[in-house]
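As a plain string of letters, each chain reads:
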Amino acid sequence: MARIRILGALLAGLFAVTAAPFAAPANAQISSEGGPIYINSDRTESLERERKVLLIGNVDIQQGDARLRADQVTMVFASKEGGGTSTVGGSFGQIESMTAEGEVFYVTPELKAKGDQGVYVATTDTITMTGNVALMRGRDVAEGEVLKLEIGNRRTTLDGGDGRTRMMIDPDSENGSNG
């Protein structure tokens, strides 16, 4: 029983840091630091009527000390007050959701996560990564098929899909010893 409690505490520590980068004000979708979002991609398409921006090919998004890379990212923006739409020359406003597809990597100083797809939904403050998911913090690693982070509730669920979840926890990595 004590071993289960220790494992639970280690899991909580492993996943608790994942919430920190996203527990940010509504204007900070990538990093808890907020600030401008820098985007590079092979191609950008603005779908003004749909309030979407498509980023296609070698997408690299940075905000503060956080970075998101993927093959393609679709950003959906919230409606502006008064029903106005964004224009190419105007402000896009607040991001409502982001869907990253194909070799998705999310990196902060505290963690690294990868998967085939990642979806962030601002209204529920939830991140869901699917397909060959791996979450790494230090030398601790967790793998599965679906990783769901409920940011406000500080709840993390890792599902194995048709298989099982796998974890490797190195208790010595926290204090830096290799004992």
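Residues numbered from 1 in each chain as written. Predicted model: local features only at pLDDT ≥ 70, side-chain atom pairs only at ≥ 80, totals over all residues. Heavy atoms only, no water.

Peer 1: How should the overall build of the chain be read in this particular structure?
Peer 2: Of the regular secondary structure elements, the chain holds one helix and ten strands. The linear arrangement of helices and strands in the chain, starting from the amino end, is α-β-β-β-β-β-β-β-β-β-β. The burial tally for the chain puts 34% of its 179 residues in the buried class. Partitioning the contacts of the chain with sequence separation of at least 6, the portion at a separation of at least 24 is 42%. (Helix = DSSP H or I, 4+ residues; strand = E, 2+ residues; numbered from the N terminus. Buried < 20%, exposed > 50% of the residue type's maximum accessible area, 1.4 Å probe, protein only. Contact = heavy atoms within 4.5 Å.)

Peer 1: Sorry if this is basic, but what is going on with the packing of aromatic side chains here?
Peer 2: Between two aromatic rings, the relevant description is the distance of the centres plus the angle of the planes. Taken as a whole, this structure holds zero aromatic pairs when the rule is applied. Above the plane of the ring of Phe105 lies Arg69, whose end atom (NZ or CZ) is 4.9 Å from the centre. (Phe/Tyr/Trp six-rings, centres within 6.5 Å; stacked < 30°, edge-to-face > 60°. Lys NZ or Arg CZ within 6 Å of the ring centre and 35° of its normal.)

Peer 1: Can you help me understand the pattern of salt bridges in this one?
Peer 2: A side chain with one charge may pair with a side chain of the opposite charge, provided their charged atoms come close. Under the definition given, this model contains six salt bridges. Put simply, Arg51 and Glu96 hold a salt bridge, and the shortest N to O gap is 3.9 Å. Residue Arg51 is found in the loop between strand S2 (43-47) and strand S3 (52-63), and its partner Glu96 is found in strand S5 (residues 95-107); the two are separated by 45 residues along the sequence. On the basis of relative accessible area, Arg51 is assigned to the partly exposed category, the value being 25%. (Salt bridge = Lys/Arg side-chain N within 4 Å of Asp/Glu carboxyl O.)

Peer 1: Help me understand the nonpolar core in this model?
Peer 2: A general trend in soluble globular proteins is that nonpolar side chains are found buried together. Counting 26 residues, the largest nonpolar core has Leu55, Leu68, Val73, Met75, Met129 and Leu147 as the members making the most contacts within it. Of all elements in the fold, only S3, strand S4 (66-77), S5, strand S6 (112-121), strand S7 (126-137) and strand S8 (140-150) reach the threshold of two or more residues within this core. If you tally residues by element for this core, the top one is S4, at six residues. (Core = buried A, V, L, I, M, F, W, Y, C linked by side-chain atoms within 4.5 Å.)

Peer 1: Please clarify how the side chain of Thr126 should be interpreted in this entry.
Peer 2: By secondary structure assignment, the location of Thr126 is in strand S7. Classification of Thr126 as buried rests on a relative accessible area of 11%. One polar contact links the side chain of Thr126 to the main-chain carbonyl oxygen of Thr124, over a distance of 3.0 Å. Apart from the residues within four sequence positions on either side, Thr126 is in contact with Val119, Tyr120, Val121, Lys148 and Leu149. (Polar contact = N/O pair within 3.5 Å; in protein donor to acceptor, adjacent residues only side chain to side chain.)

Peer 1: Is there a simple way to think about the environment of Met129 in this case?
Peer 2: Within the fold, Met129 resides in strand S7. For Met129, a relative accessible area of 6% corresponds to the buried category. The spatial distance from the C-alpha of Met129 to the C-alpha of Glu101 is 9.8 Å, given a sequence separation of 28 residues. The residues contacting Met129, other than those within four sequence positions of it, are Val104, Ala113, Lys114, Gly115, Gln117, Gly118, Glu145, Val146 and Leu147.

Peer 1: Which parts of the structure should I look at to understand the environment of Ile127?
Peer 2: Relative to the helices and strands, Ile127 is located in strand S7. Separated by 21 residues in sequence, Ile127 and Lys148 place their C-alpha atoms 5.8 Å apart.

Function-wise, these values are silent; they only describe arrangement.
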